[in-house]
Amino acid sequence: MLLHRSAVFYRQKHLLAIEGLQPPEIGQLLDLADSYVLLNRSGKTQRDLLRGRTLINLFFEDSTRTRTSFELAGKRLGADVINMGVSSSSVNKGETLIDTAATLNAMHCDLLVVRHDQSGAPNLLAQIVDAAVINAGDGTHEHPTQALLDALTIKRRKGRIAGLTVAICGDIAHSRVARSNIHLLTTMGCQVRVVGPPTLIPAEIADIGVTVFHDMVAGLAGADVVMMLRLQRERMTRGQIPSAREYFRFYGLDQEKLAYAKPDAIVMHPGPMNRGVEIDSAVADDPLRSVIKEQVEMGVAVRMAVLDMLSRGHRRNES
Amino acid sequence: MNPDTLFSRVRILGAGVDVLGDLLVRDGHIVDFGGSLGTPDGATVIEADGAVLCPGLIDMRAALGEPGFEYRETIASAAIAAAAGGITTLAALPDTNPAIDDPALVHLLRTRGEETGSLTILPYGAVTRGCKGEELAEIGLLREAGAVAFTDGSRAIASARMMRLALSYARGFGARIVQHPEDPSLAVGGCATESEQSTRLGLPGIPAAAEAMMVVRDIRLAELTGGAVHFAHVSTGEALALIRAAKAAGLSVTCDTAPPYFDLNETSIGDFRTYAKLSPPLRKEHDRKLVIAALADGTIDAIASDHQPRDADDKRLPFALASAGGSGLATLLAVTLAHVHNGSLSLSAAIDLLTARPAALLGAEGGRIAKGGVADLCLFDAERIWKVEAGKLPGKAQNTPFDGRALEGVVLGTWKRGKRVFG
């Protein structure tokens, strides 16, 4: 084991949301993830840690990136990993969810990674299945491992999290990444700003502890971290913004707007990117500013840490 | 013929009556009440020192599972729940399958109510055919068949033109139009009150203004047509202020609310609790307090159960996909009494909101304590404590938003036309 600490702060059975986690819980997950970064880079493995455990990736929404990241994390720790893709359009979603949960229980799955297009679906599953449930993104609610990997990336680049100014930009209203990041970063002592057109800023978000900006220049001024969000195409068809070019003009991140942030500000994006819509390629590919590739690497380490932590209860019971 | 029933030493309460004493029932009617009445030969004596005897409750808004949704609730199971809740008359919503848009269906519901022996069902007629909002239903024929008022149930009459026609046409038959006050184009896709909480949970929100917008439109249409509009389950302070002003201006505007809107707020949905998913959605605490104030000052004309039976499969879904609605028959009285106990309402005002006032709106028999009046009665202990538990409620529909709520006030017995039907 990489973490030889007498105190394990993370005592939850599941990882459903960042909201509600305490700083020591988040801090410990990040420390553990950091140790997995070193392990992964050294080429060593920990294949005994989850040997004999079954991890099921249950994805009701397509996501190559997150699914692969969890798959790799599980395999590096020695778990048996099974991917289940369930098309959410072909069948009644609700029946599938409940029926699938019953099936998974019969299979004695230990760790269940779930992505669903409905907010709260993992909470519902967690009430039914025996496995530890990890939310890999639910509707517009939360995406906790994304926030953890973003925090780890920030911490490694900036040497700290507390006290930084982070601007989260774009479609806040429909972003689970934004919500998880807001909870994590405010809990860990950041100044968090959200920046976007009023139609993409959700109601009363300032009450969660963020400052709202509708102007990129003002929102980025003095920021240590600029976090861009993916703009879904359907936001245009539903009329929340008039066009991609107008969006890029006012809310797309280019070098000109980025110049208002701190000179050493880093640029993040959860991917996949819409180049030329929310981010200019010159920024996305700028090795001095963009940490987008590093986020992907951190993703595997963070998911290893989460799988490790959630399995500790079981391992304690067995020893 | 049933033997006489004598209620001995009870607090007799309802519509201007508040006396301690006896009440005698014979042949389904109240013969006499007040003071000490002698016990006639062979009479059944109900001894209930300190208990309250009031008119059987008149629930002016409840959905029944019949016809079309019998898996949720049958009329027989609703009648059991109603009797246990002290309800003897219930106005049934018409957005069933088929919708109550044909006089034969009005007859059917009335008859099915009679067959229960414990519950009078007063059917609402559909405003539009199939409650689809497109063409007027046969309001005149439905009225003649016994429809008490007209509504499209849980669906708002969206088109201003259709609402104008309905108010105008129904006026000719002296009928009231009952509106679900929510602007559907603004509420579309929403499943919770738009707020910090809906933002945290990532649930599409419905702004409180969606209610006020429909209320302001329909008040204007009532003014334009001279028709009578009633707003159901009003849940926001803004809408209530508009209704208060319309009443002061002498318009024919009335409204009701339901226990969830004065007892719960949006925090009840907490961790995606679908049993607390209602339509309209539970509101902010600020609005809940304003609903209480409007009950106390008389702006709200009635408290209805807003009973919406659902089964487990309707509710065991991700929040946005789950069906909205809560069961409410068995908890109507006790949740209302909670706000008598905490000093927000007087007991007599609360009972009137559950009996005489909805009876007047519906033109229903009962709802009063009067010599010669029908003996639909509810006897309750206002102090006894119980806890609401989903799964243990009377009747089939267990989808209560009050699961786990401790309440004071237990129905000891319910009488329909002098016959004991509960307790």
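The structure presented is a predicted model; accordingly, all values stated were derived computationally and were not measured. (Residues numbered from 1 in each chain as written. Chains lettered and ligands numbered in written order. Predicted model: local features only at pLDDT ≥ 70, side-chain atom pairs only at ≥ 80, totals over all residues. Heavy atoms only, no water.)

Participant: Help me understand the nonpolar core in this model?
Facilitator: Core analysis: the biggest nonpolar cluster contains 91 residues, and B:Ile177, B:Phe231, B:Leu333 and B:Phe380 have the highest contact counts within it. The biggest single contributor to this core is helix α12 (residues 332–341) of chain B, with seven residues. Among residues more than four places away in sequence, those in contact with B:Phe380 are B:Ala51, B:Val52, B:Cys54, B:Leu333, B:Leu337, B:Leu347, B:Ile351, B:Val410, B:Val411 and B:Leu412. Listed in part, the 67 residues of the second largest apolar core include A:Leu32, A:Phe70, A:Ala178 and A:Leu310. (Core = buried A, V, L, I, M, F, W, Y, C linked by side-chain atoms within 4.5 Å. Buried < 20%, exposed > 50% of the residue type's maximum accessible area, 1.4 Å probe, protein only. Helix = DSSP H or I, 4+ residues; strand = E, 2+ residues; numbered from the N terminus. Contact = heavy atoms within 4.5 Å.)

Participant: I keep staring at the pairing of strand β15 (residues 253–257) of chain B and nothing clicks. Help me out?
Facilitator: All names here are of chain B. Taken across its five residues, β15 has five buried, putting it largely inside the fold. In this sheet, β15 lies alongside strand β14 (residues 228–231) in parallel orientation, the contact comprising three bridges. Across the sheet, residue His230 finds its bridge partner in β15, namely Thr254. After leaving β14, the chain enters helix α8 (residues 237–248) and then returns to the sheet as β15, a path that is right-handed. (Pairing = 2+ DSSP bridges. Right-handed = clockwise from strand over helix to strand, strands pointing away.)

Participant: Just checking my understanding: could you explain the pattern of salt bridges for this structure?
Facilitator: Pairs can form between side chains of opposite charge once their charged atoms are near each other. Applying the stated rule across the entire model yields 38 salt bridges over all chains. For the salt bridge of A:Asp285 with A:Arg275, the shortest nitrogen-to-oxygen distance reads 2.9 Å. Placement of A:Asp285 in the loop between α11 (281–284) and α12 (292–318) and of A:Arg275 in the loop between β9 (266–268) and α11 is noted, with a sequence separation of ten residues between them. Its relative accessible area of 46% is what places A:Asp285 among the partly exposed residues. When its relative accessible area of 43% is taken as the criterion, A:Arg275 is described as partly exposed. The salt bridge partner of B:Arg9 is B:Asp49, with a shortest N-O separation of 3.1 Å. With B:Arg9 in strand β1 (residues 5–14) and B:Asp49 in the loop between β4 (44–47) and β5 (52–55), this pair connects stretches of sequence that are 40 residues apart. For B:Asp49, a relative accessible area of 57% translates into the label exposed. (Salt bridge = Lys/Arg side-chain N within 4 Å of Asp/Glu carboxyl O.)

Participant: I'm lost on the interface of chain A and chain B in this one. Help?
Facilitator: The accessible area lost on association of the parts is a frequent measure of interface size. With 24 residues of chain A in contact, the opposing surface of chain B contributes 17 residues. Around 1,700 Å² of area is buried between chain A and chain B when both sides are counted, 57% of it from carbon and sulfur atoms. Three residues, A:Gln118, A:Ala203 and A:Glu204, lead the burial of chain A against chain B; their summed loss comes to 26% of the area buried on that side. Where chain A meets chain B, there are two salt bridges. Residues B:Arg200 and A:Glu19 are paired through a salt bridge, measuring 2.5 Å at the closest nitrogen-oxygen approach. Element by element, the count of residues in the side of chain A that touches chain B is highest for helix α3 (residues 93–106) of chain A, at five residues. Grouping the amino acids of the side of chain A that touches chain B by side-chain chemistry returns nine nonpolar, nine polar and six charged. (Buried area = accessible area lost by both parts, 1.4 Å probe. Nonpolar A, V, L, I, M, F, W, Y, C, P; charged D, E, K, R; others polar.)

Participant: Help me understand the environment of A:Gln240, please; the structure alone is not making it clear to me.
Facilitator: Residue and element names in this part refer to chain A. Turning to its location among the elements, Gln240 is positioned in the loop between α8 (234–237) and α9 (244–251). In this structure Gln240 comes out as partly exposed when scored by relative accessible area, which is 23%. The sequence separation of Gln240 and Leu200 amounts to 40 residues, and the corresponding C-alpha distance is 7.0 Å. Non-local contacts of Gln240, meaning those with residues more than four positions away in its chain, are made with His174, Thr199, Leu200 and Arg235.

Participant: I tried to follow the confidence of the model for chain B on my own but got confused; where do I start?
Facilitator: Do not read the fine detail of predicted coordinates wherever pLDDT is low. For chain B, per-residue confidence averages 97 on the pLDDT scale, and 100% of positions sit at 70 or higher. Scored as a whole, the predicted complex attains pTM 0.94, and scored at its interfaces, ipTM 0.92. (pLDDT = per-residue confidence, 0-100.)

Participant: I keep staring at the layout of surface pockets and nothing clicks. Help me out?
Facilitator: Empty space among the atoms can be located by rolling a probe the size of a water molecule over them. Residues and elements named next belong to chain B. Counted as a void, the second largest pocket has a volume near 860 Å³. Lining the second largest pocket are 47 residues, with Ser154, Ser279, Gln308, Arg310 and Ala324 positioned closest to its centre. When its residues are assigned to classes, the lining of the second largest pocket shows 22 nonpolar, 16 polar and nine charged. (1 Å grid on protein atoms, 1.4 Å probe; cavity = no way out; pocket = protein on both sides within 12 Å on 5 of 7 lines; lining within 4 Å. Points joined across faces, edges and corners; volume = space filled by probe spheres on them.)

Participant: What is the right way to read empty space enclosed by the protein from this model?
Facilitator: All names here are of chain B. With the rule as written, the count across this model stands at four cavities of 30 Å³ or more. Its volume calculated, the largest cavity comes out at about 60 Å³. Around the largest cavity, the lining residues are Glu73, Ala81, His307, Ser327, Gly328, Leu329, Ala330, Thr331, Leu393, Pro394 and Ala397. Partitioning the lining of the largest cavity into residue classes produces six nonpolar, four polar and one charged. Quantified by volume, the second largest cavity comes out at close to 50 Å³. Along its surface, the second largest cavity is lined by Cys191, Ala192, Thr193, Glu266, Ile269, Ala276, Lys277, Leu278, Pro281, Leu282 and Phe319. For the lining of the second largest cavity, a count of residues per class yields eight nonpolar, one polar and two charged.

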